[in-house]
Amino acid sequence: MSASVSMPLGGVQVGSYDSYEQAQAAVDYLSDERFPVENVTIIGSDLKQVERVTGRLTWGRVLAAGAAGGAWWGLFVGLLLGIFAGDGSQWFGSVLTGLLIGLLFGLLFAAMGYAATRGRRDFTSTSAIVAGRYDVMCNPARAEDARALLARFSLRG
């Protein structure tokens, strides 16, 4: 039976930063100093989901968005079918038909989807996963070199 020492994911910590941009700048500095950055990993810790509410959702907005999305798909399909049209009027007819059918289906599916929520989510939002801290980790064999370089980086400001 062999004994093994458990190493944290990515190696040992050589730096810790409040934002991803700071951690990225630190790794960029290591790269500029000719450090072998293939030995480095950035790990985000203390993860949280942030959902930003962007607006109120109404029947008008739902139907307008559904119609617009459906119209784009219909236009795309109409243009594809228009390739096989014999003359200009058939091409225009296939594009217009695709557009109208897409608009109709977009309206229908948007209305069905919104009605299914029964008012439980009457807002739009975007969400992101954000870390509270970003640790720069390094292969233990190169960790002291990385720490020395990052100490100079932090003195730079």
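Everything numeric here is computed off the predicted structure, so don't read it as measured data.

Let us look at the environment of A131. Counting through the fold element by element, A131 comes out in strand β3 (residues 123–138). Under the relative-accessibility criterion, A131 is labelled buried at 8%. It is 8.3 Å that separates the C-alpha atoms of A131 and Y20, two residues lying 111 residues apart in sequence.

Helix-helix packing: each pair is described by the crossing angle between the helix axes and the interaxial distance. It is the contact of helix α1 (residues 20–32) with helix α4 (residues 143–156), at a shortest axis distance of 10 Å, that shows an interaxial angle of 115°. α4 is crossed by α1, and the crossing has right-handed handedness. In this structure, α1 uses A25, A26, Y29 and L30 to contact α4, whose residues at the interface are A146, L149, L150, R152, F153 and R156. Among the residues making up the contact of α1 with α4, the classes are represented as eight nonpolar, no polar and two charged.

Turning our eyes to something else, we now look at the confidence of the model for the protein. Chain-level statistics for the protein give a pLDDT mean of 89 and a share of 94% at 70 or above. Model confidence for the protein, summarised as mean pLDDT per element, is weakest for α4 at 89 and strongest for α1 at 94. Within the model, pLDDT remains below 50 along residues 1–6, and this stretch shows zero contacts once partners closer than five positions in the same chain are excluded.

As paired strands, strand β1 (residues 12–17) and β3 are joined by five bridges and run antiparallel to one another. Bridging from a neighbouring strand, S16 pairs with D135 of β3. As defined by bridge partners, strand β2 (residues 40–56) adjoins β3 across 15 bridges and the pair is classed as antiparallel. In the strand pairing of β3, S45 is matched with R133.

The next thing to look at is the packing of aromatic side chains. Throughout the structure, instances matching the rule amount to five aromatic pairs. On the numbers, 5.2 Å between centres and 35° between planes, the contact of Y29 with F153 is tilted. Taken as a pair, Y29 in helix α1 and F153 in helix α4 lie far apart in primary sequence, 124 residues in all. Overall, the relative accessible area of 15% leaves F153 in the buried class. The interplanar angle of 85° and the centroid separation of 6.0 Å between the aromatic rings of W73 and F76 together place this pair among those described as edge-to-face. Within this pair, W73 and its partner F76 are both found in helix α2 (residues 59–82), separated by three residues, close to a single helical turn. Residue class for W73 comes out exposed when judged on its relative accessible area of 61%. Taking the relative accessible area as the measure of exposure, F76 reaches 46% and is therefore partly exposed.

Cut-offs used in this document
- Residues numbered from 1 in each chain as written.
- Predicted model: local features only at pLDDT ≥ 70, side-chain atom pairs only at ≥ 80, totals over all residues.
- Heavy atoms only, no water.
- Helix = DSSP H or I, 4+ residues; strand = E, 2+ residues; numbered from the N terminus.
- Buried < 20%, exposed > 50% of the residue type's maximum accessible area, 1.4 Å probe, protein only.
- Axes fitted to C-alpha atoms, helices over the stretch in contact; angles between N-to-C directions.
- Left-handed = near helix turned anticlockwise from the far one by under 90°.
- Contact = heavy atoms within 4.5 Å.
- Nonpolar A, V, L, I, M, F, W, Y, C, P; charged D, E, K, R; others polar.
- pLDDT = per-residue confidence, 0-100.
- Pairing = 2+ DSSP bridges.
- Phe/Tyr/Trp six-rings, centres within 6.5 Å; stacked < 30°, edge-to-face > 60°.

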